[in-house]
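# A closer look at the structure
Listed below are the residues making up each chain.
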Amino acid sequence: MFRTLAALPLLFLAACSNAPDAPSAADAFFANLTALCGQAFEGRLVEGNPSDDSFAKSRLVMHVRDCSEHEIRIPFAVGDDRSRTWVITRNPEGLRLKHDHRHEDGTEDVRSNYGGDARGPGTAIRQEFPADTFSRELFVREEIRQAVENVWAMEVDPGKTFAYELSRPGRLFRVEFDLTKPVTP
């Protein structure tokens, strides 16, 4: 009987090793974004400062437009300004957020491709992306040193809201989008 009892933990461990791996928080977050593919949503500025006046006065629309197994591209329009696209990619460590800024003719802006890799595992609802080395060097070169401490976050509360956030010491910017009401981009 003692041998049987002693073998129980080994049987339990063997059974667990055959269980499929649970999806990571990054995978679940990516799946939550993928579920929105092809849809656009209107948002509003919920946190900002006087320099964000154009965001407060403009129609804000995010369009989860291009989705693949490894990348999601989300154009973010501020009124008629369609120069911004959020790019979320999978990498072996988790997720990466980059900001693709373009001129009207499609050429890349000098202040483009900034962002960073997700900090820690995050959750299925929220991922945070501190500025990476490329971004910090870009911000110093472009004389926007206050941005070297940027942390961007995205949240997807399925069926409710999507949020984009920028924070750093002394600064919080947050836009929330209503996922219950798809709009025409």
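Everything here concerns the structure above.
Everything in this summary refers to the structure shown in the same document.

## Some remarks on helix α2 (residues 25–34)
Listing the buried residues of α2 in full gives Ala 26, Phe 29, Phe 30 and Leu 33. Take α2 and look down its axis: the buried residues cluster within an arc of 100 degrees, on one side only. Where the residues of α2 are buried, they touch β4 (71–78), β5 (81–91), β6 (94–101), β8 (126–130), β9 (151–157) and β10 (161–168).

## Digging into the pattern of salt bridges
Scanning the entire structure with this criterion turns up 19 salt bridges. Among the ionic pairs, Glu 142 bridges to Arg 111, the shortest N-O distance being 3.6 Å. Placement of the pair is Glu 142 in the loop between α4 (133–141) and β9 and Arg 111 in the loop between β6 and β7 (114–117), with a sequence separation of 31 residues. You can call Glu 142 partly exposed: its relative accessible area is 21%.

## Concerning the pairing of β6
Within β6, 7 of the 8 residues are buried, leaving the element largely enclosed by the surrounding structure. Bridge analysis of β5 against β6 gives 8 bridges, and the strand direction is antiparallel. Residue Asn 91 lies in a different strand from β6, and its bridge partner there is Gly 94. Taking the residues between adjacent antiparallel strands as the criterion, β5 and β6 are bridged by 2 residues. Both β6 and β7 contribute to a ladder of 4 bridges, which runs antiparallel. In the strand pairing of β7, His 99 is matched with Tyr 114.

## Looking at the side chain of Arg 84
Counting through the fold element by element, Arg 84 comes out in strand β5. Reaching out from Arg 84, the side chain makes a polar contact with the side chain of Asp 81 at a distance of 3.1 Å. Contacts of Arg 84, omitting those with residues within four sequence positions, involve Phe 55, Ile 74, Pro 75, Phe 76, Val 78, Asp 100 and His 101.

## Observations regarding α4
Taken together, the buried positions of α4 are occupied by Ser 135, Leu 138 and Phe 139. Down the axis, α4 shows its buried residues gathered within 95 degrees of arc, on one side only. On its buried face, α4 sits against β6, β7 and β9. In the segment just after α4, Glu 143 is the residue with positive phi, at about 60 degrees.

Definitions and cut-offs
Residues numbered from 1 in each chain as written. Predicted model: local features only at pLDDT ≥ 70, side-chain atom pairs only at ≥ 80, totals over all residues. Heavy atoms only, no water. Buried < 20%, exposed > 50% of the residue type's maximum accessible area, 1.4 Å probe, protein only. Helix = DSSP H or I, 4+ residues; strand = E, 2+ residues; numbered from the N terminus. Arc of directions from axis to C-beta. Contact = heavy atoms within 4.5 Å. Salt bridge = Lys/Arg side-chain N within 4 Å of Asp/Glu carboxyl O. Pairing = 2+ DSSP bridges. Polar contact = N/O pair within 3.5 Å; in protein donor to acceptor, adjacent residues only side chain to side chain.

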